[in-house]
Amino acid sequence: MNNKLLASQVADKACHNSTAAKKWALSALTCSVLLAMGSANAADVKVTSVADAVTQGTVNANLNLRYESVDQENALKDADALTLRTRLTFATAEYYGLSALVEFEDSRSVAGVNDYNDAIGNNTDYSVIADPETTELDQAFLQYKRSGFKAKVGRQVIALDNMRFLGHVGWRQDRQTFDAVTLQYGINDFSIDYGYLYKRNRIFADIKDIDSKDHIINASYNLGLGKLSAYGYLLEEDTNIDNGIDTYGVRFAGAKNLDKIKLLYTLEYATQDADKATTSYSADYMLGEIGVGVSGLTFKVGYELLGSDNGEYGFATPLATLHAFNGWSDQFLATPKQGLADTYVSVGGSLVGGKWALVYHDFEADESSATVNDLGNEVDAVFSLPIDKHYTVGVKYAAYSAGDAGAGKVDTDKVWLWANAKF
């Protein structure tokens, strides 16, 4: 199917749905852009004007249908959600290094399966599934590229290193983006990124977005054995109270082939100073991970420490893709004030054309107290299967077992089933 026909079909369907039911509408602008792009084929004409850059742009659609259930040992009702996230993206072609991108995102409950706390105030007697219904502008930026230099202005996805400190939270239906000015320069094996972030568009629809005055810088150099990164993330919410979180760190991650074995390794250290009203705190972060790939299997063992300041403050990563760390049940989206030490092992591989993984986490406090030391453990499992280049299906499971009662956690089981289509 050629790009012209595909764009027309996606556009027709999006616009038809918008007239059939307001809940499923993305916006009139989205439909207009898609219909306009349906009449253009980017491969036919050279870009010689701004009009050419628009008519030779590309259209992409991504739909993610997901069922999620949450069962917790507390007074909250078990939660169930069946949601569909639709993302439509239009990117212009480049004209003298200039280009633009516009993207809309819509998330809706499906078939009335919506018994869940959406984290923005609805159904609070149920457990949380942080996928509120929303329609919003996900990205909209202008970009300039030339000779290793790139600049973006506007709403954009930002993901650095392994997204432990700055990421898009792509697991949730409403992913995280930023209103920002970002600059990047790369030459040979060296690259450096700088960004000023003036709004954090979080995963909870518009209602919980945060105005900010964040400065981020990340420099990296590819060595023969891996990539060495140094970074500084100076985060501050745009309010009238002290709330700054300044983090500086260094990271090294790489891989080495040894005959039939692939050796994997990561080391990272960061230090953090945080202002909370009239009090300041400091804490450290450490990560060590080693793994081997052999006979189609990958084995890893790691230790991640989010340190504590005398049991009063835990090392924070508020802009991270948190779901990817410390267990998929999301028990530690906010680091406990006692800190968190996560010892984990994992194994993964391929099966019938898909990918699978098993992970075990053991959690402890960094600064133990009389009531808090054991923070529990968790078992995670996932299998995903691509079906040609357009479709993927998957299943995922997380089982968290609580530790000391003083930690405030409860046994939690979560199950996900999903189907994704992209064009």
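So, a few notes on the structure that sits alongside this text. (Residues numbered from 1 in each chain as written. Predicted model: local features only at pLDDT ≥ 70, side-chain atom pairs only at ≥ 80, totals over all residues. Heavy atoms only, no water.)

Quick word on the overall build of the chain
Scanning the chain from terminus to terminus reveals three helices and 18 strands. Out of the 423 residues belonging to the chain, those deemed buried represent 45%. Here the analysis covers contacts within the chain between residues at least 6 apart in sequence; of these, 56% occur between residues at least 24 apart. Split by element, the accessible area of the chain, about 20400 Å² in all, is 57% carbon and sulfur. (Helix = DSSP H or I, 4+ residues; strand = E, 2+ residues; numbered from the N terminus. Buried < 20%, exposed > 50% of the residue type's maximum accessible area, 1.4 Å probe, protein only. Contact = heavy atoms within 4.5 Å. Areas by Shrake-Rupley, 256 points an atom, 1.4 Å probe, with all protein chains shown as cover.)

Some thoughts on the layout of surface pockets
Where empty space is left can be seen by rolling a probe of water-molecule size over the atoms. Taken as a whole, the largest pocket spans an internal volume of roughly 1300 Å³. In terms of lining residues, the largest pocket is bounded by 45 residues, among which Ala 324, Trp 328, Ala 357, Val 382 and Lys 396 are the most central. Among the secondary structure elements, those contributing two or more residues to the lining of the largest pocket are strand S1 (58–72), strand S12 (279–294), strand S13 (297–306), strand S14 (340–351), strand S15 (354–364), strand S16 (374–387), strand S17 (391–401) and strand S18 (412–422). With seven residues, S14 is the largest single contributor of residues to the lining of the largest pocket. In this structure, the second largest pocket occupies an estimated 1100 Å³ of space. Lining the second largest pocket are 43 residues, with Arg 202, Phe 204, Leu 322, Leu 333 and Ala 334 sitting closest to its centre. The element that contributes the greatest number of residues to the lining of the second largest pocket is S1, accounting for three residues. Its residues placed into classes, the lining of the second largest pocket shows 22 nonpolar, 10 polar and 11 charged. (1 Å grid on protein atoms, 1.4 Å probe; cavity = no way out; pocket = protein on both sides within 12 Å on 5 of 7 lines; lining within 4 Å. Points joined across faces, edges and corners; volume = space filled by probe spheres on them. Nonpolar A, V, L, I, M, F, W, Y, C, P; charged D, E, K, R; others polar.)

Quick notes on the environment of Thr 55
Looking at where Thr 55 falls in the secondary structure, it is placed in helix H3 (residues 50–55). Looking at Thr 55, the relative accessible area reads 41%, which means it is partly exposed. Separated by 38 residues in the primary sequence, Thr 55 and Ala 93 have C-alpha atoms spaced 8.2 Å apart. Polar contacts involving the side chain of Thr 55 include one to the main-chain carbonyl oxygen of Asp 52, which spans 3.3 Å. (Polar contact = N/O pair within 3.5 Å; in protein donor to acceptor, adjacent residues only side chain to side chain.)

Quick look at a negative patch on the surface
A surface patch of like charges, here negative, comprises Asp 71, Glu 73, Asp 78, Asp 411 and Asp 413. As for its position among the elements, Glu 73 is in the loop between S1 and strand S2 (79–91). The class of Glu 73 is exposed, set by a relative accessible area of 57%. (Patch = residues over 30% accessible without salt bridge, like charges linked within 9 Å, V, L, I, M, F, W, Y side chains within 5 Å. Salt bridge = Lys/Arg side-chain N within 4 Å of Asp/Glu carboxyl O. Lys, Arg positive; Asp, Glu negative; His and termini not counted. Charge placed at Lys NZ, Arg CZ, Asp CG, Glu CD.)

With respect to the pairing of strand S8 (residues 210–223)
In this structure, strand S7 (residues 190–201) lies alongside S8, joined through 10 bridges in antiparallel fashion. By the bridge assignment for S8, Asp 193 is matched with Asn 218. Taken together, S8 and the strand that follows it, strand S9 (residues 226–235), pair antiparallel across an intervening segment of two residues. (Pairing = 2+ DSSP bridges.)

Focus: the pattern of salt bridges
Using the criterion set out here, one finds 19 salt bridges in the structure. The partner of Asp 161 in a salt bridge is Lys 227, and the shortest N-O contact between them spans 3.7 Å. A residue pair is termed long-range when its members are at least 10 positions apart, and Asp 161 in the loop between strand S5 (149–156) and strand S6 (177–187) and Lys 227 in strand S9 qualify at 66 residues. Taking the relative accessible area as the measure of exposure, Asp 161 reaches 28% and is therefore partly exposed. Put simply, Asp 238 and Lys 213 hold a salt bridge, and the shortest N to O gap is 3.9 Å. Of this pair, Asp 238 sits in the loop between S9 and strand S10 (245–258) while Lys 213 is found in strand S8, placing the two residues 25 residues apart along the sequence.

Observations regarding the nonpolar core
In terms of nonpolar packing, the biggest core is built from 30 residues, with Ile 158, Leu 166, Leu 197 and Ile 216 touching the most fellow members. Elements with a minimum of two residues in this core: S6, S9, strand S11 (261–276), S12 and S14. Ranked by the residues each element gives to this core, the list is headed by S12, at four residues. Those residues within four positions of Leu 166 in sequence are excluded, and the remaining contacts are Ile 158, Ala 159, Leu 160, Phe 178, Leu 197, Ile 216, Leu 319 and Ala 320. (Core = buried A, V, L, I, M, F, W, Y, C linked by side-chain atoms within 4.5 Å.)

A word on the side chain of Asp 179
Summarising the element assignment, Asp 179 is placed in strand S6. In this structure the side chain of Asp 179 is engaged in a polar contact, spanning 3.1 Å, whose partner is the side chain of Asn 201.

Thoughts on the side chain of Arg 164
Mapped onto the elements, Arg 164 comes out in the loop between S5 and S6. In this structure the side chain of Arg 164 is engaged in a polar contact, spanning 2.9 Å, whose partner is the side chain of Thr 317. Here Asn 326 takes part through its side chain, which lies 2.9 Å from a polar atom of the side chain of Arg 164. When sequence neighbours within four positions are dropped, the list of residues in contact with Arg 164 reads Tyr 285, Glu 304, Leu 306, Thr 317, Ala 320, Leu 322, Phe 325 and Asn 326.

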